[in-house]
Amino acid sequence: MSTAGVPAWVHLFLDVPRARWQEAVGFWSAATGWATSPSRGEDGQFVTLVPQEGDPWLKMQALDGTEPRIHLDLDAGDREAALERSVSLGASPAWTYEDVPVMRSPGGLLFCHTLTEGPATGFARTDHDRVLDQVCIDVPPSRWEQEIGFWASITGRTLEEARTPDFVRLADPDPHGGLRILLQRLADDEGEVRAHPDFAVANRASETCRQVSLGAETVGVFEWWTVMRAPYGQVYCLTDRDPSTGRVS
């Protein structure tokens, strides 16, 4: 398949119930240690979390409704080619927002075809204690093979084995790096494909305490990750991965 329309950069969008917007923006700025951009959009419904170095990859959107969710923006220089590519791989149109096609993956995860604003300068591979660097796409078992094939093909990334058979990674892009993508096969077959953000943390116990002090709650503790819930309900994970390399410690 041609590489036309392969995304040059991927943004992770945290979609937040409007009633909890200010609380959510404050939480994620404190949790990541990143400043927030000025709000934008016709209702001030968009902000970007801006890291100290490198290009941003985390954005937020206020939505009507009560449930938080995740979507991805796939930035490409040729939107028509990107749209044609995604449809050929099994994506379906959901709606259009100001000329931006909003799509669903074969399993139902929302993503948008957005235009690049210029070449990426790079993803800051941090030497700090934590970084929100990864989206984990959660896939019901019956959709597993189709969904991992779709995301590998649409991003142009290579599938890599992870620590256990229920996870696969999409290889970090070269040369600039970018948002890391992990796929997890869920235990049950209910619902559509969904996603959650992951932090790489140097010390999971101390980071859990820090984020609880910001208003998060601990949902479950596992061998190399802890499931957390933000004050407004978004589930995310703290993982035993090196913040610089993204690999399991």
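Conventions and cut-offs
- Residues numbered from 1 in each chain as written.
- Predicted model: local features only at pLDDT ≥ 70, side-chain atom pairs only at ≥ 80, totals over all residues.
- Heavy atoms only, no water.
- Phe/Tyr/Trp six-rings, centres within 6.5 Å; stacked < 30°, edge-to-face > 60°.
- Helix = DSSP H or I, 4+ residues; strand = E, 2+ residues; numbered from the N terminus.
- Buried < 20%, exposed > 50% of the residue type's maximum accessible area, 1.4 Å probe, protein only.
- Salt bridge = Lys/Arg side-chain N within 4 Å of Asp/Glu carboxyl O.

Draft legend 1. Local environment of the packing of aromatic side chains. One pass over the full model with this rule turns up 15 aromatic pairs. Both rings, one in Phe167 and one in Trp225, keep their centres 5.8 Å apart while their planes meet at 70°; by these two values the pair is edge-to-face. Residue Phe167 is located in strand 11 (residues 167-170), and its partner Trp225 is located in strand 15 (residues 225-229); the two are separated by 58 residues in the primary sequence. No difference in accessibility class separates Phe167 from Trp225, as the two residues are buried. Grouping aromatic residues by their ring pairs yields a cluster made of Phe27, Trp28, Phe199 and Tyr236.

Draft legend 2. Inspection of the pattern of salt bridges at higher detail. By the definition in use, this model includes 12 salt bridges. Salt-bridge contacts for Arg229 lead to Glu217; the nearest nitrogen and oxygen are separated by 3.4 Å. A residue pair is termed long-range when its members are at least 10 positions apart, and Arg229 in strand 15 and Glu217 in strand 14 (residues 217-221) qualify at 12 residues. Owing to a relative accessible area of 29%, Arg229 belongs among the partly exposed residues under this scheme. Connected through salt bridges with shared partners, the residues Arg130, Glu207 and Arg210 form a single ionic network.

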